[in-house]
Amino acid sequence: MAYTEAQIKELEGKAKQIRRLIIQMLAKAGSGHPGGSLSATDLISTLFFAVLRHNPGDPTWPDRDRFHMSKGHCCPLWYAVLAESGYFSRDKLWTLRQFGSILQGHPDRRTPGVDVASGSLGQGLSVVLGMSLAARIDKRSYRLYVLLGDGEIQEGNIWEAAMACAHYKCDNICAILDYNGFQIDGKIKDIMNLEPIVAKWQAFGWHTIEIDGHNIDQILEAYAEAKVTKDKPSIIIAHTIKGKGVSFMENVLDFHGRAPTKEEAEKALKELE
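In this text, all values refer to a predicted model and were calculated from it rather than measured experimentally.

About the cut-offs
- Residues numbered from 1 in each chain as written.
- Predicted model: local features only at pLDDT ≥ 70, side-chain atom pairs only at ≥ 80, totals over all residues.
- Heavy atoms only, no water.
- Buried < 20%, exposed > 50% of the residue type's maximum accessible area, 1.4 Å probe, protein only.
- Helix = DSSP H or I, 4+ residues; strand = E, 2+ residues; numbered from the N terminus.
- Pairing = 2+ DSSP bridges.
- Right-handed = clockwise from strand over helix to strand, strands pointing away.
- Salt bridge = Lys/Arg side-chain N within 4 Å of Asp/Glu carboxyl O.
- Axes fitted to C-alpha atoms, helices over the stretch in contact; angles between N-to-C directions.
- Contact = heavy atoms within 4.5 Å.
- Core = buried A, V, L, I, M, F, W, Y, C linked by side-chain atoms within 4.5 Å.
- Phe/Tyr/Trp six-rings, centres within 6.5 Å; stacked < 30°, edge-to-face > 60°.
- Lys NZ or Arg CZ within 6 Å of the ring centre and 35° of its normal.

### Re the pairing of strand E7 (residues 234-239)
When a strand is regular, its side chains alternate between the sheet's two faces.
Right, so step 1: Of all 6 residues that make up E7, 5 are buried, and the element is covered over most of its length.
Right, so step 2: Looking at chain direction, strand E3 (residues 173-179) and E7 are connected through 6 bridges and run parallel. Pairing of alanine 175 across the sheet is with isoleucine 235, part of E7.
Right, so step 3: Pairing of strand E6 (residues 207-212) with E7 involves 6 bridges; the strand directions are parallel. Opposite aspartate 212, over in E7, you have histidine 239 as the bridge partner.
Right, so step 4: Traced from E6 through helix H9 (residues 216-228) to E7, the parallel crossover comes out right-handed.

Structure, rendered in structure tokens:
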């Protein structure tokens, strides 16, 4: 499907609104992870608002496409997208990380739109593998999308799942790698270098698509390409910027897991107007 310039602009506007909500949520909560939430915003807002087959009025619709956030600490992004999609009231966003809230520091099933809890890194690809095989058994045509962190894929069980997804020819799986180059302790390349990342996924039997993870045109084209790829799973290797959209957060390790102060939030929101 070809998208018009107006549609692209609308999706860019949606992403900017999601970034504003992320900043407001985290500042209100006083804790959380802005860096990776902001780096993956364009990828996931585009997925929900232009690609994913889902129904906010019926979160357990059997034929819905499934999304799973394997790097669960970036759930402020997911919560903002779910609220803007209509799964629950935006007012709920201001309860992030509060006792008894439906929006905890890592996703769980009390949140409408969340199928499986996440947060223990490295498990998400195995989760969607199970969902993929269930779809085959049940003869359903839904697709599976999973967001992976680049630090996360240093986990061995990611690669066990990658082998199995290819072995079982799970072509209804589309993994999305948020390749922002940072993890909690520093730069990916200094801690455990992932390169040559494209060749590694190809060697494991995956169809690989490498893009600029902030270019809406490229994101849409990548999702479309993954959808028509047969007999193998697809991965979108998206080069992103940690903290994207807020100048003083971009590529700053401190904002991996530190919420903005009130003053920082006000400054960030001005940039995102």
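### Some thoughts on the pattern of salt bridges
Right, so step 1: Throughout the structure, instances matching the rule amount to 10 salt bridges.
Right, so step 2: We note a salt bridge from glutamate 12 to lysine 9, for which the minimum N-O separation is 3.9 Å. Taken together, the residues glutamate 12 and lysine 9, both in helix H1 (residues 5-29) and 3 residues apart, mark about one turn of the helix.
Right, so step 3: Using a relative accessible area of 37% as the deciding quantity, one classes glutamate 12 as partly exposed.
Right, so step 4: As a salt-bridge pair, arginine 140 and aspartate 63 come within 2.8 Å of each other at their nearest N and O atoms. In this pair, arginine 140 sits in the loop between helix H5 (124-138) and strand E2 (144-149) while aspartate 63 sits in the loop between helix H3 (41-51) and strand E1 (66-69), placing the two residues 77 residues apart along the sequence.
Right, so step 5: Residue classification places arginine 140 among the partly exposed positions, given a relative accessible area of 36%.
Right, so step 6: A relative accessible area of 27% places aspartate 63 in the partly exposed class.

### Details of the sheet that holds E3
Right, so step 1: Pairing is parallel in the open sheet, where 5 strands are placed in the order E1-E2-E3-E7-E6. At either end of the open sheet lies a strand with only one pairing partner, and these are E1 and E6. With strand direction ignored, the average angle separating the axes of adjacent strands in the sheet is 20°.
Right, so step 2: Examined bridge by bridge, E2 and E3 share 6 bridges and lie parallel to one another. In the sheet register, tyrosine 145 faces E3, and the bridge partner there is cysteine 174.
Right, so step 3: Those strands touched by H9 are E2, E3, E6 and E7, and its axis lies near 170° from that of E6.

### Some points on the nonpolar core
Right, so step 1: Core analysis: the largest hydrophobic core is formed by 54 residues, its most contacted members being Ile44, Phe67 and Tyr223.
Right, so step 2: If you look at the next biggest cluster of nonpolar residues, it comprises 30 residues, including Leu125, Met131, Ile153 and Tyr179.

### Looking at the packing of aromatic side chains
Right, so step 1: What the rule picks out here adds up to 7 aromatic pairs.
Right, so step 2: Ring centres of phenylalanine 67 and tryptophan 78 lie 5.2 Å apart, and the angle between their planes is 90°; on these two criteria the pair is classed as edge-to-face. Placement of the pair is phenylalanine 67 in strand E1 and tryptophan 78 in helix H4 (residues 75-85), with a sequence separation of 11 residues.
Right, so step 3: Between tryptophan 159 and phenylalanine 204, the ring centres sit 4.9 Å apart and the planes meet at 55°, which makes this aromatic pair tilted. Placement of tryptophan 159 in helix H6 (residues 156-167) and of phenylalanine 204 in the loop between helix H8 (197-203) and E6 is noted, with a sequence separation of 45 residues between them.
Right, so step 4: Taking the relative accessible area as the measure of exposure, phenylalanine 204 reaches 27% and is therefore partly exposed.
Right, so step 5: Positioned over the ring face of phenylalanine 49 is lysine 14, at 4.7 Å from the centre of the ring.
Right, so step 6: When the ring centre of tyrosine 142 is taken as reference, the NZ or CZ atom of arginine 66 above it lies at 3.7 Å.

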